[in-house]
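Descriptive structure summary
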Amino acid sequence: MRKIHILSVVGARPNFMKMAPILRQLSKRPEFASYLVHTGQHYDDAMSRVFFRDLGMPDADFNLNVGSASHAVQTAEIMKRFEETCNQVKPDLVIVAGDVNSTLACSLTAVKLGVPVAHIEAGLRSFDRSMPEEINRIVTDSVAAHLFTTEESGTHNLRREGIADDKIHFVGNTMIDSLVHCYKLIDEMPLNGPIRVVNGTPYFLSTIHRPSNVDDPNQLSRVISILESASEIAPVFFVTHPRTRNRLRSIKNGDRLMDADQSLDRINRGLIYLLPPLPYLEFLRLMSKSKALLTDSGGIQEETTFLRIPCLTLRNNTERPITIELGGNKLVGLDCQTIICCLEQIMEGGWGSRGTPPLWDGHAAERVVNVLQSRCPLPTSSTPTPLG
Ligand code: UD1
């Protein structure tokens, strides 16, 4: 009997943590033939290869090597190359995760070939259509056959959009599965990297990379001023995404930061320490010991909620409302006064998540694959029927 052929897609950094636990589950079940596609949306070792290593992921079976480009060119190029992969493998199911361009491109390609799509982390909505990710989420959910939600807001959003109940599965958060799986490893790691200079000094950790915060020089300059003010309370480790780093030279305070003495012998108040993108385990360790996160990342809002670390989100909205409801995450925009006030409260203690979101228990991927097992009948013919 032919196995159920599954193509799982990763492309950009946040996809790796969401997909790794699913790949592990698929590999345990003999009825699935599991193949991994890496679109190459992220391609630097620090943005891609080190995550495969830290998460124990198998090498991709197909590398599409698309690289960076405008949204239209990148999306189109992924579609062209992924269609060839689909024609070769003839999958019975395509699994995509999150909200990056690779998610959108591969969902559209699959559904136009008549291949059902499973979307991990479906239903999240910021209700801000100026975010490229919001468009990717809405389009992917509108074509997916199996929609796996991480929090109850996702399920409600999908119902409101008219998605049938039997397509929606509230399973929890596979990114938290990765965190649970890897967290026990961080204390066994050799004490190298930035953590070696911390020595009990309280510090903040920051990552900022949203186009709305870094592409406009005025906005980025405000972000750096905020980090400068925050560093007067406790030193700041600023882990920079390539998008952010590429833009720092274009603003005065960013230029100053790039030229500052970055020797990491010890950490001092009043200073921002620029760090390159960090490997997953290294970042987890630095996050777990920090006083607070200042971020515009989606995933970090969830990880801090799970770890009960205070998180200030430098945005005006979030697609992850459970993180706010539980009290550990606060939307602060780029309002410096509010941010400093929050950081002072955090330093005095008494700020943090009041609980763990339902089903964020390290077993979401098992639930996903159980659903797929029950919903995907063993194929009777070897070729899915293309549309049209
Ligand atoms: C993408 C996702 C975003 C996610 C982020 C996580 C989309 C629309 N956005 O944004 O949702 O939060 O990944 O990191 O899919 N670059 C490198 N090396 C790399 C990759 C990128 O130098 O390995 C640089 C390039 O200059 C590129 C820029 O970063 O132009 C932006 O990369 P891109 O993948 O277009 O978007 P991200 O900002 O990374």
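So, here is what we can say about the structure in this document. (Residues numbered from 1 in each chain as written. Predicted model: local features only at pLDDT ≥ 70, side-chain atom pairs only at ≥ 80, totals over all residues. Heavy atoms only, no water.)

Brief notes about the site of the ligand
- If you check the shell around the ligand, you find 19 residues, and the closest are Gln-41, His-42, Glu-133, His-241 and Arg-243.
- Taking Glu-133, its side chain carries an N or O atom lying 2.6 Å from an oxygen atom of the ligand.
- Note that an oxygen atom of the ligand is positioned 3.3 Å from one of the side-chain N or O atoms of Asn-246.
- When isolated, the ligand has an accessible area of 750 Å², and the protein chains bury 87% of it.
- Residue assignment for the shell around the ligand shows that the elements contributing at least two residues are helix 1 (13–28) and helix 10 (242–248).
- If you tally residues by element for the shell around the ligand, the top one is helix 10, at three residues. (Near = heavy atom within 4 Å. Polar contact = N/O pair within 3.5 Å; in protein donor to acceptor, adjacent residues only side chain to side chain. Areas by Shrake-Rupley, 256 points an atom, 1.4 Å probe, with all protein chains shown as cover. Helix = DSSP H or I, 4+ residues; strand = E, 2+ residues; numbered from the N terminus.)

Here we look at helix 13 (residues 298–307)
- Across the 10 residues of helix 13, nine count as buried, placing the element largely inside the fold.
- If you check which residues of helix 13 are buried, you get Gly-298, Gly-299, Ile-300, Gln-301, Glu-302, Glu-303, Thr-304, Thr-305 and Leu-307.
- Among the residues of helix 13, the N-terminal cap falls to Ser-297, whose side-chain oxygen and the backbone nitrogen of Gly-299 are separated by 3.2 Å.
- Following helix 13 by one or two positions, Arg-308 adopts a phi angle in the positive range, close to 60°. (Buried < 20%, exposed > 50% of the residue type's maximum accessible area, 1.4 Å probe, protein only.)

Points about the sheet that holds strand 9 (residues 236–239)
- Strand order in the open sheet formed by six strands is 10-9-8-11-12-13, and the pairing between neighbours is parallel. Where the open sheet ends on each side, the last strands, each with one partner, are strand 10 (272–275) and strand 13 (329–331). Recorded for the sheet is a direction-independent mean angle of 20° between the axes of neighbouring strands.
- Across three bridges, strand 11 (residues 292–295) lies against strand 12 (residues 311–313) in parallel orientation. Its bridge partner lying in strand 12, Thr-295 is registered against Thr-313.
- Running over the sheet, helix 12 (residues 280–288) touches strand 8 (204–207), strand 9, strand 10 and strand 11 and is turned about 135° from strand 8. (Pairing = 2+ DSSP bridges. Axes fitted to C-alpha atoms, helices over the stretch in contact; angles between N-to-C directions. Contact = heavy atoms within 4.5 Å.)

Comments concerning the sheet that holds strand 4 (residues 93–97)
- Taken together, seven strands build an open sheet; the order of strands is 3-2-1-4-5-6-7 and the sheet is parallel. Edge strands, defined here as strands with exactly one partner in the open sheet, are strand 3 (62–63) and strand 7 (168–170).
- Here strand 6 (residues 146–149) runs beside strand 7; their pairing, made up of three bridges, is parallel. Looking at the pairing, Thr-149 lines up with Phe-170 of strand 7.

Some points on the pairing of strand 4
- With respect to burial, strand 4 is a largely interior element, five of its five residues being buried.
- The alternating pattern of strand 4 places Leu-93, Ile-95 and Ala-97 and Val-94 and Val-96 on opposite faces, both of which are buried.
- Pairing between strand 1 (residues 4–10) and strand 4: three bridges, direction parallel. Across the sheet, the residue bridging to Ile-6 is Leu-93, located in strand 4.

Things to note about the pairing of strand 1
- Along strand 1, seven of the seven residues are buried, which leaves the element largely enclosed by surrounding structure.
- Side chains Ile-4, Ile-6, Ser-8 and Val-10 of strand 1 all project onto a buried face; the interleaved residues His-5, Leu-7 and Val-9 project onto the opposite face, where all are buried too.
- The sheet contact formed by strand 1 and strand 2 (residues 32–38) spans seven bridges and is parallel. In the strand pairing of strand 2, Leu-7 is matched with Tyr-35.
- For the crossover from strand 1 across helix 1 to strand 2, the handedness is right-handed. (Right-handed = clockwise from strand over helix to strand, strands pointing away.)

Considering the pattern of salt bridges
- Taken as a whole and judged by the stated rule, the model has 25 salt bridges.
- Between Arg-125 and Glu-161 there is a salt bridge; the shortest N-O distance is 2.7 Å. With Arg-125 in the loop between strand 5 (117–122) and helix 5 (132–143) and Glu-161 in the loop between helix 6 (152–160) and strand 7, this pair connects stretches of sequence that are 36 residues apart.
- Note that Glu-134 and Arg-137 form a salt bridge whose closest N and O atoms lie 2.9 Å from each other. With Glu-134 and Arg-137 both in helix 5, this residue pair falls three residues apart, about one helical turn. In this pair, the class of Glu-134 matches that of Arg-137, namely buried.
- Among the charged side chains, a network of salt bridges with common partners joins Lys-18, Asp-99, Glu-121, Glu-134, Arg-137, Glu-302, Arg-315, Glu-319 and Arg-320. (Salt bridge = Lys/Arg side-chain N within 4 Å of Asp/Glu carboxyl O.)

Notes on unusual backbone geometry
- Phi is positive for Lys-90, which is not a glycine, with a value near 50°.
- Note on placement: Lys-90 falls in the loop between helix 3 (71–89) and strand 4.
- Take Lys-90: its relative accessible area is 31%, and that puts it in the partly exposed class.
- Positive phi, normally seen in glycine, also occurs at Arg-308, with a value near 60°.
- Looking at the element boundaries, Arg-308 is found in the loop between helix 13 and strand 12.
- The exposure class of Arg-308 is partly exposed, given its relative accessible area of 41%.

Focus on helix 9 (residues 217–231)
- With 15 residues, helix 9 extends 21 Å from end C-alpha to end C-alpha; this agrees with the ideal 21 Å at 1.5 Å per step.
- Among all positions in helix 9, only Leu-220, Val-223, Ile-224, Ile-226, Leu-227, Ala-230 and Ser-231 are buried. Viewed end-on, helix 9 has its buried residues packed into an arc of 155°, placing them on one side of the element.
- The N-cap of helix 9, judged by a side-chain oxygen 2.9 Å from the amide nitrogen of Asn-218 a few residues on, is Asp-216. (Expected span 1.5 Å × (residues − 1). Arc of directions from axis to C-beta.)

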